[in-house]
Amino acid sequence: MRALARLTVATTLIAVSAAAIAVATHADAADTPAPVTVISKDFEDGTVQGFTGRNAEVLAASTAQAHDGTRSLSVTGRTATWNGPALNVLSTFVKGTSYTISVWVRMADGSDNARLSVERRLATVANYETVVGNTAVTNGGWVNLTGRYTLSTDVDYLSFYVETASTTGSLFLDDVTVSYTPAVPIQTDIPNVKSVVTEFPVGAAITGAEILNEHGQLLSKHFNSVTPGNALKWDATEPTENTFNYTQADPLITYAKANGLAIRGHTFVWHNQTPAWVFQRADGTAMTGTADDKTLLLSRLTNHIRNVGGHYGSSIGTWDVVNEVIDESQSDGNRRSSWYNIAGLDYIRTAFKVAREVLPNAKLCINDYNTNVAAKRDFLYNLVATLKGEGIPIDCVGHQMHINVSWPTVADTEAMIQKFVPLGVTQQITEMDVSIYTSSSETFPTPPADRLLSQAYKYRDMFALFRKYASAISSVTLWGLADDNTWLDTYPVSRKDAPLLFDTTLQAKSAYWGVVDPTKIGTTTTAPTSPTVSPSSSSTGNPTDSPSPSASSGANSCSVTYRVTGSWQGGFQGDVKLTNTGTASYATWRLNWQFTAGQTITQLWNGSVTQNQNAVAVFNASWNGVVPPGGSASFGFLGSWTGSNPAPTGFSMNGNVCTVA
Ligand code: 9MR
């Protein structure tokens, strides 16, 4: 039995949304370590090889059908759709490892939909997660179900099983395998995104798996903000009326707080991932929008926000109070969700008012996608202007930015940002990813090099734009940590996408360099397996994007001396010398580092400084930007400290890691 996790809520059976994706294609087959098979069942020895029924089914090795060889597992005597063959994997699965589970299924008679699921339990509380959703199966042939699953919580029971959607017919199962790909260490010698982009917090959407092992290391190295991708939604937090469940979200929030990450709460109100009971009367009939229905719905909304918002209080600094309320195909621009159909725009008014009451200091956002599309942007603008005019406390407009390699243009995105500036709201980029696909009919077995380059340029251009509008933008979040876990693998169709900065083995892509140092776009392969690969060690990039003369080359083209020259209670003076150890002159320079003990620079000379929490960026003054090979530039500063004042241990200059002298 594994260590038991703290159990905060003792609910009974909770169905949770899919935590695993049903696509296992690797974007980087050539460089990925070979998979290790940990389970292989073929039933050829005439036994059930550890499988059991979930109820009173009869399991036997059978020669009636075989996917391969002469036998399979027959499952008869099913009396409910959830009955099916299960394999206990408690002693096999390790928390934080992504397993690929593959099974072959066929019906004995007729047809149905089969799915592959996981049951996990802790102290008798069971959760069910879909690994592969409903897939048509018949008695006419074998169908493969393959999906990935990562255990992210402590459990005392764990199994995967096959069930069906509507009938209880007999099944055959064969050639069951489970494998995992050994983790590749993250690259520790590349600049942290958050230390390079210091104008605003840079975040990633996370699920339970992203805070563990190498994923957790990558997350805290590069990001200083997180958004739980699903854990704070209504279906997770209030699955049944007035029974609140924080088991998904609490570990994420605890991790974020322990690692000093800002948290975006997502989301109080959405038309998706909201349980059916929310829109049903006490007798179970559907609300239609009567005065009583509206009163009941708004009181449920009020209760939800008071509880979920109140549970986290000031730990969550920003909330997407309402999500995706605009539909530009409606003449008035208002999405005809159940919320709107029952309560009109009052659901938005109530949500913001109650959120402000519970969270007086939080930034309250209205969040939507395609806000770069003029019609949608303008409806959103008008709605926010109207509601703000009424005194509704909207602080922030969230632009999701689910975009692709060729859409939208920077100009449209700039117009989107400019549009909202006069409203006096802050703006946040809340769910950015850049799909490699430009239509739903495309499918690539591996991401083509030209798409990855286009993606890097898109990230470069968009981040340059966001930084240009730093006074209007207070946060930029990517919708995921790395390409091994992205919603785009199953939307709009199932195919492997690669929309983020890090590849499926957590290594930096050109997209990462597009954000951190565009001169290095094209100098990294999709998935270098060695963490010591120098980002500039090969040059396969776009010839039009070759490094500029002002850029340094190589990881050791700069050296930094950081000295504390004086220290007193609460204050200190520092002196920093940057030396060009490369072969080309710097034309300008930007030096980044992270403080580790909350120090703050209060004054700086011979340069200019921006600081966002621990992340510091110092820019050259007009007279000391040019530094020839072997030359140096120095600057000094005054800072404040409390507790301790350790020197930073890593520096990067224009995105290059410097040696520390
Ligand atoms: O990332 C989320 C994914 O895991 C869910 O399956 C999906 C379905 O509801 O929601 C995803 O997140 C969405 C976000 O909450 C709102 N904007 C669109 C995001 C992608 O669908």
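See the structure above.
Calculation notes
- Residues numbered from 1 in each chain as written.
- Predicted model: local features only at pLDDT ≥ 70, side-chain atom pairs only at ≥ 80, totals over all residues.
- Heavy atoms only, no water.
- Disulfide = S-S within 2.5 Å.
- Helix = DSSP H or I, 4+ residues; strand = E, 2+ residues; numbered from the N terminus.
- Buried < 20%, exposed > 50% of the residue type's maximum accessible area, 1.4 Å probe, protein only.
- Pairing = 2+ DSSP bridges.
- Axes fitted to C-alpha atoms, helices over the stretch in contact; angles between N-to-C directions.
- Parallel < 35°, antiparallel > 145°, perpendicular 65-115°, else oblique.
- Left-handed = near helix turned anticlockwise from the far one by under 90°.
- Contact = heavy atoms within 4.5 Å.
- Nonpolar A, V, L, I, M, F, W, Y, C, P; charged D, E, K, R; others polar.
- 1 Å grid on protein atoms, 1.4 Å probe; cavity = no way out; pocket = protein on both sides within 12 Å on 5 of 7 lines; lining within 4 Å.
- Points joined across faces, edges and corners; volume = space filled by probe spheres on them.
- Near = heavy atom within 4 Å.
- Polar contact = N/O pair within 3.5 Å; in protein donor to acceptor, adjacent residues only side chain to side chain.
- Areas by Shrake-Rupley, 256 points an atom, 1.4 Å probe, with all protein chains shown as cover.

## Structural notes on the state of the cysteines
One pass over the full model with this rule turns up 2 disulfides. The disulfide partner of Cys-365 is Cys-396, and the S-S distance across this bridge is 2.1 Å. Since a negative S-S torsion denotes a left-handed disulfide, the Cys-365-Cys-396 link at about 90° is right-handed. On the criterion of sequence distance, the pair formed by Cys-365 in strand β17 (residues 363–368) and Cys-396 in strand β18 (residues 396–399) is long-range, its members being 31 residues apart. Of the two residues examined, Cys-365 and Cys-396, each falls in the buried class. For Cys-558, the disulfide goes to Cys-658, at an S-S distance of 2.0 Å. On the S-S bond that ties Cys-558 to Cys-658, the torsion sits near -95°, and the link is left-handed. Highlighted residues: Cys-558 in strand β22 (residues 558–568) and Cys-658 in the loop between β30 (656–657) and β31 (659–660), separated in sequence by 100 residues. Judged by its relative accessible area of 6%, Cys-658 falls in the buried class. Counting only the cysteines that take part in disulfides, in the order they occur along the protein chain, gives the pairing 1-2, 3-4.

## Points about the sheet that holds β30
An order of β26-β27-β24-β29-β30 is seen for the 5 strands of this open sheet, with the pairing classed as antiparallel. Across the chains shown, the open sheet's two edge strands, defined by having one partner strand only, are β26 (607–612) and β30. Here strand β29 (residues 651–653) pairs with β30 via 2 bridges, running antiparallel. Directly across from Met-653, in β30, lies its bridge partner Asn-656.

## Quick word on the packing of helix α9 (residues 410–420) against helix α10 (residues 449–468)
Relative orientation of the contacting elements α9 and α10 amounts to 25°, with a least axis distance of 10 Å. As far as their axial angle goes, α10 and α9 are roughly parallel. You can see that α9 and α10 cross each other, and the crossing is right-handed. Residues Val-410, Thr-413, Glu-414 and Ile-417 of α9 form the contact with α10, whose own contacting residues are Asp-461, Met-462, Leu-465, Phe-466 and Lys-468. The residue inventory of the contact of α9 with α10, partitioned by class, reads 5 nonpolar, 1 polar and 3 charged.

## Some points on the sheet that holds β31
The mixed open sheet is built from 5 strands, whose spatial order is β25-β28-β23-β22-β31. Unpaired on one side and paired on the other, β25 (600–605) and β31 mark the two borders of the sheet. When strand β23 (residues 571–580) meets strand β28 (residues 632–640), the two strands line up antiparallel, connected through 9 bridges. What sits directly across from Asp-575, in β28, is Gly-636.

## Examining empty space enclosed by the protein
Per the stated rule, a full pass over the model turns up 3 cavities of 30 Å³ or more. When its volume is computed, the second largest cavity comes out at roughly 40 Å³. In this structure, the second largest cavity is lined by Val-269, Trp-270, His-271, Asn-323, Glu-324, Val-325, Arg-335, Ser-337, Trp-339 and Tyr-347.

## Focus: the site of the ligand
Residues in contact with the ligand, as listed here, are Asn-230, Lys-233, His-266, Trp-270, Gln-273, Asn-323, Glu-324, Gln-400, His-402, Glu-431, Trp-479 and Trp-487. A distance of 2.5 Å separates an oxygen atom of the ligand from a polar atom in the side chain of Gln-273. Take Trp-479: an N or O atom from its side chain is 2.9 Å from an oxygen atom of the ligand. In isolation the ligand offers 450 Å² of accessible surface; the protein chains occlude 75% of this area. Looking at the shell around the ligand residue by residue, the classes come out as 3 nonpolar, 6 polar and 3 charged.

By themselves these figures say nothing about function.
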